[in-house]
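Structural features, examined
Each chain, written out:
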Protein chains: 2
Amino acid sequence: MPDQQLTPEQLFAVTTLKGWDLWLGRTTKFFDSLTDEQMFTEIAPGKNRAIYLFGHLAIVSDAMIPQMGLGEASYAHLREAFLAQPDRAAEIPSVAELRAIWKEVHSRVDTVFAALTPAEWLAGHATVSAEDFAAQPHRNRLSILLSRTSHLGYHLGQLQLMPR
Amino acid sequence: MPDQQLTPEQLFAVTTLKGWDLWLGRTTKFFDSLTDEQMFTEIAPGKNRAIYLFGHLAIVSDAMIPQMGLGEASYAHLREAFLAQPDRAAEIPSVAELRAIWKEVHSRVDTVFAALTPAEWLAGHATVSAEDFAAQPHRNRLSILLSRTSHLGYHLGQLQLMPR
């Protein structure tokens, strides 16, 4: 449907999704520009390596699916390495594997998000109780997408400081 | 009005504003935690000083008002120093002055944003022509707020790397 025929609710959802797409596109472009070797560079002395943030952001995106109550994560087994543990504490997949995971995860969330109606965006997410949600209906799926969009920005800002 | 009585459109607007408030709160807390001396620390060797990002983010917030077509900026005269010029290229106000500007700017945008109806959030912003907006109605005020929220995250991520 062309944008101009959208209802206000649809337009709110579309505008928010375009924001996600914008920051995801910038972040993907950044990682695409790194050689496999540069993936092992630290963003600043003693700080995370790019590869850790690459895996971290992929797994945070993957985790949105269960957090929104929309299915199982595809890479739950990588949460330990990229969410629970800091960089260098756990075994991680190769750069090539992570590049494939990045694509797959974001292709999946893209499909899942595109299918949600405005009312479904406003439904409570999986980590808020029915009681809490009744009192705080802003704790909805949309709030997860907004939070993860700014989280992409947070780490992209750090990555831009990386010596190259 | 309690959240639970909101229409879907109002809930979209409220959820987005809560996202802005969250990142603004985190960023304000960070700068509040810095001494005036620490404001002059570089976030990484050879990169921006905290004080520059403090002024930059305040002026970007201030600029939302005219960008949204909601009035004049309060600190247009500081755009040159904090938007057009890089750090150390221009005279900047003192830390105390910038702390006052930060408060005033965000108190003003807070008031202005709280008064907008959902339909007003979906209106075109000042830098998009009527013709372009008809074809691309996602280029609305909401998209500016979303962009500036992730922009706060972008620089907050960098600031967190600052040696302290």
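See the structure shown above.
This text gives an overview of the structure that appears in the document. Treat the numbers as computed from the prediction; the structure is a model and nothing was measured. (Residues numbered from 1 in each chain as written. Chains lettered and ligands numbered in written order. Predicted model: local features only at pLDDT ≥ 70, side-chain atom pairs only at ≥ 80, totals over all residues. Heavy atoms only, no water.)

A word on the relation of the copies chain B and chain A. The two copies are related by a screw motion: chain B maps onto chain A through a turn of 180 degrees and a shift of 0.0 Å along the axis, at an RMSD of 0.0 Å. The transformation just described matches what one would write down for a two-fold rotation axis. Most of the interface of chain B is mirrored in chain A: 100% of its interface residues are interface residues there too. (Least-squares fit on C-alpha atoms with pLDDT ≥ 70 in both. Contact = heavy atoms within 4.5 Å.)

Turning to the interface of chain B and chain A, a few remarks are in order. Listed per partner, the contact involves 36 residues of chain B and 36 residues of chain A. Taken together, the two surfaces of chain B and chain A that pack against each other cover about 3200 Å², and 75% of this comes from carbon and sulfur. Viewed at the interface, chain A and chain B are joined by zero salt bridges. In this assembly, chain B and chain A are joined by five residue pairs in polar contact (both at pLDDT 80 or more). Put simply, the parts of the chain that give the side of chain B that touches chain A at least two residues each are α1 (8–33), α5 (118–121), α6 (130–135) and α7 (141–159) of chain B. Of all the elements, α7 of chain B adds the most residues to the side of chain B that touches chain A, at 12 residues. Of the residues that constitute the side of chain B that touches chain A, the class distribution is 18 nonpolar, 14 polar and four charged. (Buried area = accessible area lost by both parts, 1.4 Å probe. Salt bridge = Lys/Arg side-chain N within 4 Å of Asp/Glu carboxyl O. Polar contact = N/O pair within 3.5 Å; in protein donor to acceptor, adjacent residues only side chain to side chain. Helix = DSSP H or I, 4+ residues; strand = E, 2+ residues; numbered from the N terminus. Nonpolar A, V, L, I, M, F, W, Y, C, P; charged D, E, K, R; others polar.)

In this structure, F31, F113 and W121 of chain A together with F31, F113 and W121 of chain B are the most contacted members of the largest nonpolar core, which totals 97 residues. Residue contacts for F113 of chain B: discarding those within four places in its chain leaves L17, W20, M64, M68, W121 and L145 of chain B. (Core = buried A, V, L, I, M, F, W, Y, C linked by side-chain atoms within 4.5 Å. Buried < 20%, exposed > 50% of the residue type's maximum accessible area, 1.4 Å probe, protein only.)

Time to look at helix α7 (residues 141–159) of chain A. Residue and element names in this part refer to chain A. Over its 19 residues, α7 runs 27 Å from end to end, which matches the ideal 27 Å to within 8%, given 1.5 Å per residue. Buried residues dominate α7, accounting for 17 of its 19 residues. Put simply, N140 is the residue that caps the front of α7, since its side-chain oxygen is 3.2 Å from the backbone nitrogen of L142. (Expected span 1.5 Å × (residues − 1).)

A separate point is the pattern of salt bridges. Taken as a whole and assessed by the stated rule, the structure comprises nine salt bridges over all chains. For E42 of chain A, the salt bridge goes to R88 of chain A, with nearest N and O atoms at 2.8 Å. Taken together, the residues E42 of chain A in the loop between α1 (8–33) and α2 (50–67) and R88 of chain A in the loop between α3 (79–84) and α4 (95–114) connect sequence positions 46 residues apart. Judged by relative accessible area, E42 of chain A falls into the partly exposed class, the value being 29%. By relative accessible area, R88 of chain A is classed as partly exposed at 44%. We note a salt bridge from D87 of chain B to R49 of chain B, for which the minimum N-O separation is 2.7 Å.

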